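What follows is each chain in one-letter form.
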There are 2 protein chains.
Amino acid sequence: MSPVKSQEEMSSILKDHVAKTTFKPAAKLVASQLNPHALNAKYAVRGRIPTKAEELRTKLASESHSLPFNKIINANIGNPQQLDQKPITFYRQILSILQYPTILENPFIDKIFPADIIERSKFLLKNIGSVGAYSHSQGIPYVRKSVAEFITKRDGYKADPNDVFLTTGASTAVSYLLGLLSLGPNTGFLIPIPQYPLYTATLALNNSTALPYYLQEEDDWSIDSTKLRQIIIDSKAKGVEPRCLVVINPGNPTGAILKPEGIADLLGVAAEFGLVVIADEVYQENIFKGEFVSVKKVLRQLQELDTTGLYKDVQLASLHSTSKGVSGECGQRGGYMELVGFDQSVRDQVIKIASISLCPVVTGQALVELMINPPRPEEESFTLYNEETSSIHNALEARAAKLYNTFNEMEGVTCQEPEGAMYCFPNLSLSKKVIAAAEKEGMEADEFYCNALLENTGICAVPGSGFGQAEGTWHVRTTFLAPGTEWIDQWKAFHAKFMDQYRD
Amino acid sequence: MSPVKSQEEMSSILKDHVAKTTFKPAAKLVASQLNPHALNAKYAVRGRIPTKAEELRTKLASESHSLPFNKIINANIGNPQQLDQKPITFYRQILSILQYPTILENPFIDKIFPADIIERSKFLLKNIGSVGAYSHSQGIPYVRKSVAEFITKRDGYKADPNDVFLTTGASTAVSYLLGLLSLGPNTGFLIPIPQYPLYTATLALNNSTALPYYLQEEDDWSIDSTKLRQIIIDSKAKGVEPRCLVVINPGNPTGAILKPEGIADLLGVAAEFGLVVIADEVYQENIFKGEFVSVKKVLRQLQELDTTGLYKDVQLASLHSTSKGVSGECGQRGGYMELVGFDQSVRDQVIKIASISLCPVVTGQALVELMINPPRPEEESFTLYNEETSSIHNALEARAAKLYNTFNEMEGVTCQEPEGAMYCFPNLSLSKKVIAAAEKEGMEADEFYCNALLENTGICAVPGSGFGQAEGTWHVRTTFLAPGTEWIDQWKAFHAKFMDQYRD
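Residues numbered from 1 in each chain as written. Chains lettered and ligands numbered in written order. Predicted model: local features only at pLDDT ≥ 70, side-chain atom pairs only at ≥ 80, totals over all residues. Heavy atoms only, no water.

Asker: Outline the overall build of chain A, listing residues and values.
Answerer: When helices and strands are counted, chain A shows 18 helices and 14 strands. At 26 Å, chain A has a C-alpha radius of gyration in line with the 23 Å of a compact globule built from 504 residues. With the principal axes as the frame, chain A shows a C-alpha extent of 80 × 75 × 55 Å. The burial tally for chain A puts 62% of its 504 residues in the buried class. Residue pairs in contact within chain A that sit at least 24 positions apart in sequence constitute 73% of those at least 6 positions apart. Summed over its atoms, the accessible surface of chain A is roughly 18,900 Å², and 52% of this surface lies on carbon and sulfur atoms. Each charge sign in chain A was given a centre, from 48 positive and 58 negative side chains, and these centres are 6 Å apart. (Helix = DSSP H or I, 4+ residues; strand = E, 2+ residues; numbered from the N terminus. Rg over C-alpha atoms; globule rule 2.2 N^0.38 Å. Buried < 20%, exposed > 50% of the residue type's maximum accessible area, 1.4 Å probe, protein only. Contact = heavy atoms within 4.5 Å. Areas by Shrake-Rupley, 256 points an atom, 1.4 Å probe, with all protein chains shown as cover. Lys, Arg positive; Asp, Glu negative; His and termini not counted. Charge placed at Lys NZ, Arg CZ, Asp CG, Glu CD.)

Now the structure itself:
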């Protein structure tokens, strides 16, 4: 390497340069000059209330704070490991070895890892290679084959590894699909309301039109396919061509699970109008009541039962992730989508778009493999895996029940029983006084409520207005991940005071 | 959990449903109906030649193949660990512990990891938390602080942790910035030619206009700022407003390093026309000849030397990554950008866009931390780290020299001496016969050459036409990562035959 120039040498070179330079400098950019579609995108999960919670957390760290609580309860985001949920040992032991395969040569290795972990790691290293190498943009062939086997087993219908695309979390899949399907404001996307705001944010970025369809809160947040059909017809009449139907099942933020008949209705609508169905099924392992049936399974059954080919050409993208379930490995960014019924020319475009960002993170791909292939009952790691996953599942279930019961005890609050996912989405009857007070602060009434909840208890939950809700209704989304249950009682006490304070 | 419905029960529910369903199904989508901007995006690094190489690799695996070679040499992509480069032990030991912190409680731990690795891991676990939790969308505060210290030390000018944004590889940073700055076809982005095709692909996705500026091959691929200014003036006259100037330094695919005076010229142009400078500096640690000086350092020096405020408002985004350097940890998707001189309102939008995909992969963020804070000379891991990194660096340097010398011995080939990055970009004089033969196959002449090279030797290199090149010139980009040097001799032998075969 050549000798490096000193600061002084550099200065003297540039001094001459500056001496002979003359121009009028331009002003810097401000946000209003940026891409208006990007400016329009809103993302409530990390919006105003969570931002304020972060500020309060900083305040709490200073000793002289005068806040009426001692910690922030993050009930705003499904981030289990931030909230002390321990990772599943099986996943982490194998990821640890994949990061440092040399450890397998250590003479003490069998004092560190169970035999099945060592064996499985060796096998995966052979089939995955170094986690530091770019993989195929569609994902590691071996993992895609595994995912196909997992889906085959889950649904009882054969899945094809070529249909599987590994992604960096599920949000990347949404970004690819919505980006490819968007042709501007005349392209419509049917989005459930309430919805996870990733969808409206991504549509805003793509300057396409969200066609909201309201979930029937009173009927367990079900979908009314007659209304859905009407929205499509009305939209076409206005020149906005619906292209895609987004379904979130189990629901975020609703916590509800769709029934097979309901899914069949949706697939009929999709078949009739040539809509791409995006089935966001990232909570498929968070089931507390009832049964999860995948959209793919219902589609295959309809294709089998209907001999006239009505459902033959339905295009379905179903998404899954390592961030949810009992794994809760959000920071590892693993996920996949299965594309069924798409034309090869469309799939080629998906691969091309994926290739621009090279490949999904390889450790995340490995984690997908582990999530769908946990230890087998005869393996040494099975007992611990089983204990850990059951205990996480049971704690979630217990907290969900406690939240549900508590909300239904509160004045003016109704809450659907949570069936799946990680959320309750209680409905709040708020007084005119609250609405007026909120308006004065430039807030929606439910945002005002969440703000008061945060300021008084340290509990951070997100207002329903961030997810969308029927006109004149107010909701709050809370996860049931935060450890302990005292915070739920604190919420109840706050609520009683709040209702008294703002009684009309 | 409720009992799960059997396949038969499901069928009987859906049978009734199907019986009463009637509609005319719509046809499925084909690619031509997708977002035309996405269709326009091209990405040569994973394009036609690499795709063919994969097909040939599959053929090689069958025993009865009749190919004139026994393996594919991937010289198309900077993916060192795919090509047998061993990962740096220091990185992987710590990542291994971060994945499985419980290992620290093992009584044999000090028989497995050096003391400094254990200590550093404990420290990082305290400051990073679980790698399975979502981090702040801008990145882990501790790592951002470290990055700021690294930049401060590198440049001799203070950097601010609030200016640092951790990203999933450098391509995510490019996607955010180009997305925010794009206002449609009337927004212009100055892109070097030849360039890494990520830039033109991302601009195509955003429907914005690439304003190519040609690097001066004969002058070590330098930038002519007079011509740059002219391109801006011409573009404005045509109604396309230049917003951004992309600089790749060290160059990809050129392998050249910019001089401080050249950078100062560019910053003058940026200041005069209010252009955001994107400095893609991911190869800053791959230096073989000369010296890398960051754009940020030159900017700070100009700001210091010029007392009239000419450079005060320059907006600079500089990118770095864990995929290159000697780490070559491509699959781990670590990276960062530093935003200097941007208005707060613009930075807020960057954070919002980042928050839509929640957070960069956390292990990638940890790897950034390790890359910029390698073991200190007094630490146990230092010797091995030093050996490993020197040996990788020396092997790259030796192979770069061998490639450079060999190209310059070949008939009709000239090649600039590689100074940095991982690439040679030799210039090929191809005969009229080659051009005619290529045209017959629907290829550019250099693509035809690369195709013949692949078919005859198994060497996969990418044609210059995928990166852009001056009209009437032909190039090939080859990495110098593939192990061994025999393949370089094979290339030489192929070249001689090819030239003979297509002599005019």
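Here the narrative resumes.
Asker: Which residues make up the relation of the copies chain B and chain A, and what values go with them?
Answerer: Turning chain B through 180° and shifting it by 0.0 Å along the axis lays it on chain A, with an RMSD of 0.0 Å. Within this description, the copies of the chain are treated as partners about a two-fold rotation axis. Distance from the rotation axis, computed per C-alpha, reaches its smallest value in chain B at B:S96: 2.1 Å. Residue by residue, 99% of the interface of chain B is reproduced at the interface of chain A, so both copies engage with the same surface. (Least-squares fit on C-alpha atoms with pLDDT ≥ 70 in both.)

Asker: Describe the interface of chain B and chain A, naming the residues involved and giving the relevant values.
Answerer: Facing the 128 residues of chain B at the interface are 127 residues of chain A. Buried area between chain B and chain A, summed over both chains or domains, comes out near 10,500 Å², and the portion from carbon and sulfur atoms is 60%. Remark: the boundary between chain B and chain A carries two salt bridges. There are 51 residue pairs in polar contact (both at pLDDT 80 or more) connecting chain B and chain A. (Buried area = accessible area lost by both parts, 1.4 Å probe. Salt bridge = Lys/Arg side-chain N within 4 Å of Asp/Glu carboxyl O. Polar contact = N/O pair within 3.5 Å; in protein donor to acceptor, adjacent residues only side chain to side chain.)

Asker: Can you explain the confidence of the model for chain A? Please cite residues and give values.
Answerer: On average, residues of chain A score 92 in pLDDT, and 99% of them reach the 70 mark or higher. Note on the complex model: pTM 0.93, ipTM 0.92. (pLDDT = per-residue confidence, 0-100.)

Asker: Explain helix 16 (residues 432–440) of chain B to me, and be specific about the residues and the numbers.
Answerer: Residue and element names in this part refer to chain B. Looking at helix 16, one finds that the buried residues are V434, A437 and A438. With its buried residues spanning 100° around the axis, helix 16 presents them on a single face. Across from the buried face of helix 16, at angles greater than 90 degrees, the exposed residues are K432, E439 and K440. Residues of helix 16 that are buried make contact with helix 17 (445–457) and helix 18 (486–501). Directly beyond the C-terminal end of helix 16, a positive phi value near 70° is found at G442. (Arc of directions from axis to C-beta.)

Asker: Which residues make up the pairing of strand 2 (residues 164–168) of chain A, and what values do they have?
Answerer: Counting buried residues along strand 2 of chain A, five of its five residues qualify, which places the element largely inside the surrounding structure. Neither face of strand 2 of chain A is open: one carries A:V164, A:L166 and A:T168, the other A:F165 and A:T167, and all of them are buried.

Asker: An account of the pairing of strand 7 (residues 315–321) of chain B is requested, with residue identities and associated values reported.
Answerer: Residue and element names in this part refer to chain B. Buried residues dominate strand 7, accounting for seven of its seven residues. Burial along strand 7 is two-sided: the face carrying Q315, A317, L319 and S321 and the face carrying L316, S318 and H320 are both buried. With five bridges connecting them, strand 6 (residues 276–280) and strand 7 associate as parallel partners. For D280, the partnering residue across the bridge sits in strand 7 and is L319. As for the winding sense of the linkage, the β-α-β connection from strand 6 through helix 12 (residues 295–305) to strand 7 is right-handed. (Pairing = 2+ DSSP bridges. Right-handed = clockwise from strand over helix to strand, strands pointing away.)

Asker: Give a detailed account of the side chain of A:H475, specifying residues and quantitative values.
Answerer: If you trace the backbone, A:H475 turns up in strand 14 (residues 474–479). A relative accessible area of 1% means that A:H475 is categorised as buried.

Asker: Tell me about helix 14 (residues 362–372) of chain A, residues and numbers included.
Answerer: Counting buried positions along helix 14 of chain A gives 11 out of 11 residues, so the element sits mostly inside the fold. By the burial criterion, the buried members of helix 14 of chain A are A:V362, A:T363, A:G364, A:Q365, A:A366, A:L367, A:V368, A:E369, A:L370, A:M371 and A:I372.

Asker: Please set out unusual backbone geometry residue by residue, giving values where relevant.
Answerer: At the junction of A:I193 and A:P194, the peptide bond is cis and its omega measures out at 0° in the coordinates. Relative to the helices and strands, A:P194 is located in the loop between strand 3 (187–193) and helix 9 (198–205). Even without being a glycine, B:D220 presents a positive backbone phi close to 60°. Of note, B:D220 is situated in the loop between strand 4 (209–214) and helix 10 (225–237).

Asker: Describe in detail the sheet that holds strand 6 of chain B, supporting the description with residues and values.
Answerer: Residue and element names in this part refer to chain B. Reading across the sheet, the seven strands line up as 2-8-7-6-5-3-4 and stay open at both edges, with mixed pairing between neighbours. Of all strands in the sheet, those bounded by a partner on one side alone are strand 2 (164–168) and strand 4. For this sheet, the mean inter-axis angle between neighbouring strands, taken without regard to orientation, is 25°. For strand 5 (residues 241–248) and strand 6, the ladder comprises five bridges, and the chain directions are parallel. Bridge pairing links C244 to V276 in strand 6. Packing of helix 8 (residues 169–181) onto the sheet brings it into contact with strand 2, strand 3 (187–193), strand 5, strand 6, strand 7 and strand 8 (334–340), and relative to strand 2 it is tilted by some 115°. (Axes fitted to C-alpha atoms, helices over the stretch in contact; angles between N-to-C directions.)

Asker: Could you give me a rundown of the environment of A:G420, with the residues and numbers involved?
Answerer: Residues and elements named next belong to chain A. You can see G420 is positioned in the loop between strand 9 (413–414) and strand 10 (423–424). For G420, a relative accessible area of 0% puts it in the buried group. The sequence separation of G420 and F150 amounts to 270 residues, and the corresponding C-alpha distance is 20 Å.

Asker: So, the environment of A:Q332: which residues are in play, and what are the values?
Answerer: Within the secondary structure layout, A:Q332 lies in the loop between strand 7 (315–321) and strand 8 (334–340). Judged by relative accessible area, which is 0%, A:Q332 ranks as buried. Distance from A:Q332 to A:A366, taken between C-alpha atoms, is 10.0 Å for residues 34 residues apart in sequence. Not counting chain neighbours up to four residues away, the residues in contact with A:Q332 comprise A:R92, A:L95, A:V361, A:G364, A:L367, B:Q99, B:V131, B:G132, B:V361 and B:T363.

Asker: Break down the nonpolar core for me, with residues and values.
Answerer: Ranked by internal contacts, the top residues of the largest apolar core, which has 270 residues, are A:F113, A:W491, A:F498, B:F113, B:W491 and B:F498. Those residues within four positions of B:W491 in sequence are excluded, and the remaining contacts are B:F407, B:M410, B:Y449, B:L453, B:I459, B:A461, B:V476 and B:T478. (Core = buried A, V, L, I, M, F, W, Y, C linked by side-chain atoms within 4.5 Å.)

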